[in-house]
Amino acid sequence: MNQNTQSGQFAARAADYDRLQPVRIEMYEFYHGLAVDFVPFDTGTEFRILDLGCGTGAFIELILDRYANATCVAVDYSGEMIEIAARKVSAHSDRVEFLRRDLNGGVPEGLGSFQLVSSFSTIHHLTDENKTRVFGQIHDVLIQGGWFFLIDAMSVHFDDDVFRQGRRRYRIRRKERFHRAGICPEEANRVAEIVGGTEADSPEKDRISPLAAQIEWLKEAGFGSVDHIWHFWMEHFIICRK
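Residues numbered from 1 in each chain as written. Predicted model: local features only at pLDDT ≥ 70, side-chain atom pairs only at ≥ 80, totals over all residues. Heavy atoms only, no water.

Asks: How do you make sense of the side chain of N104 when you look at a structure like this?
Replies: By secondary structure assignment, the location of N104 is in the loop between β3 (96–100) and β4 (114–120). There is a polar contact of 3.4 Å between the side chain of N104 and the backbone nitrogen of T127. Among residues more than four places away in sequence, those in contact with N104 are H125, L126, T127, N130, R133 and P203. (Helix = DSSP H or I, 4+ residues; strand = E, 2+ residues; numbered from the N terminus. Polar contact = N/O pair within 3.5 Å; in protein donor to acceptor, adjacent residues only side chain to side chain. Contact = heavy atoms within 4.5 Å.)

The following block contains the structure:
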């Protein structure tokens with residue numbers, strides 16, 4: 001898959017992503033496990049899942065390990081991330097197809113239909129216009145009654161004092177997590193520098209939109225239910241049903 005490689009923050013971060021991300025993001029492992037708990041199928045059920053922004057394959061690895069008859073189409077912008085994900089799920093290589101795409105161009109066409117679509121920490125890289133378009137396309141590829149799991153950073157309003165206390169807590173707890181993991185905090189600063197240096201027009205740029213707006217866009221896309229399941233600080237888990 002070397003033809004899929006490219007420069008950028010994800011290329012620079014890919015090799016260390018699995019080591020650093022669970023330390024940088026306090027609830028990273030929790031919300032992946034939470035999402036698996038909400039998968040509505042028995043372990044023997046045959047179903048198709050579309051994972052948009054698969055990264056290094058954290059969620060699809062959990063799905064393919066647990067559901068022996070599940071098949072997956074996994075999409076990501078980063079060729080380096082896809083290579084790591086492919087190695088991680090190599091035991092299930094006959095049940096997963098990887099595609100490299102920039103979702104600002106929309107969900108790839110011709111994929112067929114799915115019982116479940118997931119997208120973790122990816123939609124926030126899209127412009128607002130492209131978020132609304134992708135939500136509609138996700139609705140279209142789901143079967144009637146299908147499920148969409150969205151976990152991502154979304155902005156909400158906090159009281160100023162609550163926000164200051166939250167930022168203080170974030171800095172303290174992050175330092176503690178890095179210490180327990182035996183990782184120098186400068187590595188987190190290096191990631192912050194890489195992310196902060198992303199060009200304004202890059203598909204890798206953070207474009208975080210309000211929670212309330214995204215709930216409305218999901219409803220406008222046609223989902224029959226849009227349930228806000230969980231949130232911690234800026235991380236939110238939404239489940240939609242077609």
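Here the narrative resumes, following the displayed structure.
Asks: Please explain the pairing of strand β1 (residues 47–52) as it appears in this structure.
Replies: Successive residues of a regular strand alternate their side chains across the two faces of the sheet. Across the 6 residues of β1, 5 count as buried, placing the element largely inside the fold. Relative to strand β2 (residues 70–76), β1 is paired through 6 bridges, and the arrangement is parallel. Residue pairing in the sheet places D51 in a bridge with A74 of β2. For the crossover that starts at β1, traverses helix α3 (residues 58–66) and ends in the parallel β2, the hand is right-handed. As paired elements, β1 and β4 share 3 bridges and run parallel to each other. Each residue of the ladder has a partner; that of D51, found in β4, is S118. (Buried < 20%, exposed > 50% of the residue type's maximum accessible area, 1.4 Å probe, protein only. Pairing = 2+ DSSP bridges. Right-handed = clockwise from strand over helix to strand, strands pointing away.)

Asks: How do you make sense of the nonpolar core when you look at a structure like this?
Replies: In globular proteins that are soluble, nonpolar side chains generally tend to be buried together. Core analysis: the largest hydrophobic core is formed by 39 residues, its most contacted members being F59, F98 and F149. V117, L126, V134 and I138 belong to the second-largest nonpolar core, a separate cluster that totals 29 residues. (Core = buried A, V, L, I, M, F, W, Y, C linked by side-chain atoms within 4.5 Å.)

Asks: I keep staring at helix α6 (residues 160–181) and nothing clicks. Help me out?
Replies: An α-helical segment advances 3.6 residues per turn. Residues three or four places apart therefore align on the same side. With 22 residues, α6 should cover 32 Å at 1.5 Å per step; its first-to-last C-alpha distance of 32 Å lies within 8% of that length. Here α6 starts with a cap whose side-chain oxygen sits 2.9 Å from the backbone nitrogen of D161, and that cap is D159. Positioned one or two residues after α6, G182 has a phi angle of 70 degrees, which is positive. (Expected span 1.5 Å × (residues − 1).)

Asks: Explanation requested: the pairing of strand β5 (residues 142–153) in the structure shown.
Replies: Buried residues dominate β5, accounting for 9 of its 12 residues. Pairing of β4 with β5 involves 6 bridges; the strand directions are parallel. Among the inter-strand pairings, F120 is bridged to a residue of β5, identified as I151. Taken together, β4, helix α5 (residues 128–141) and β5 form a β-α-β motif whose crossover is right-handed. Alignment of β5 against strand β7 (residues 235–241), held across 7 bridges, turns out to be antiparallel. By the bridge assignment for β7, W147 is matched with R241.

Asks: Just checking my understanding: could you explain the sheet that holds β2 for this structure?
Replies: Strand pairing in a sheet is mediated by backbone hydrogen bonds. Such pairs are either parallel or antiparallel. Taken in spatial order, the 7 strands of this open sheet run β3-β2-β1-β4-β5-β7-β6, and their pairing is mixed. Bordering the open sheet on either side are β3 and β6 (225–232), each of which pairs with just one other strand. Direction aside, the axes of adjacent strands within the sheet are offset by 15 degrees on average. Across 7 bridges, β6 lies against β7 in antiparallel orientation. What sits directly across from V226, in β7, is C240. Here α5 sits on the sheet and contacts β1, β4 and β5; the angle it forms with β5, its principal contact strand, is near 145 degrees. (Axes fitted to C-alpha atoms, helices over the stretch in contact; angles between N-to-C directions.)

Asks: Looking at this structure, I do not really get the packing of aromatic side chains. What am I missing?
Replies: Aromatic ring pairs are defined here through the distance separating the ring centres and the angle between the ring planes. A full pass over the atoms with the stated rule returns 14 aromatic pairs. An angle of 75 degrees between the planes, with centres 5.3 Å apart, marks the rings of F47 and Y67 as edge-to-face. Of this pair, F47 sits in strand β1 while Y67 sits in the loop between α3 and β2, and the two are 20 residues apart along the sequence. Their ring planes at 25 degrees and their centres at 6.0 Å tell us that F148 and F223 sit as a pair that is stacked. Of the two residues, F148 is situated in strand β5 and F223 in the loop between α8 (211–220) and β6; the sequence distance between them amounts to 75 residues. A relative accessible area of 6% means that F223 is categorised as buried. Members of the aromatic cluster, each reached through a chain of ring pairs, are Y28, F30, Y31, F59, F120 and W230. Over the ring of F114 we find R48; its NZ or CZ atom is 4.2 Å from the centre of that ring. Here R241 stacks its cationic end above the ring of W147, 4.0 Å away from the centre of that ring. (Phe/Tyr/Trp six-rings, centres within 6.5 Å; stacked < 30°, edge-to-face > 60°. Lys NZ or Arg CZ within 6 Å of the ring centre and 35° of its normal.)

Asks: What am I meant to see in the state of the cysteines here?
Replies: Disulfide: a covalent bond connecting the sulfur atoms of a pair of cysteines. Taken as a whole and judged by the stated rule, the model has 0 disulfides. With no disulfide of its own, C54 has C72 as its nearest cysteine by sulfur position, at a separation of 7.5 Å. (Disulfide = S-S within 2.5 Å.)

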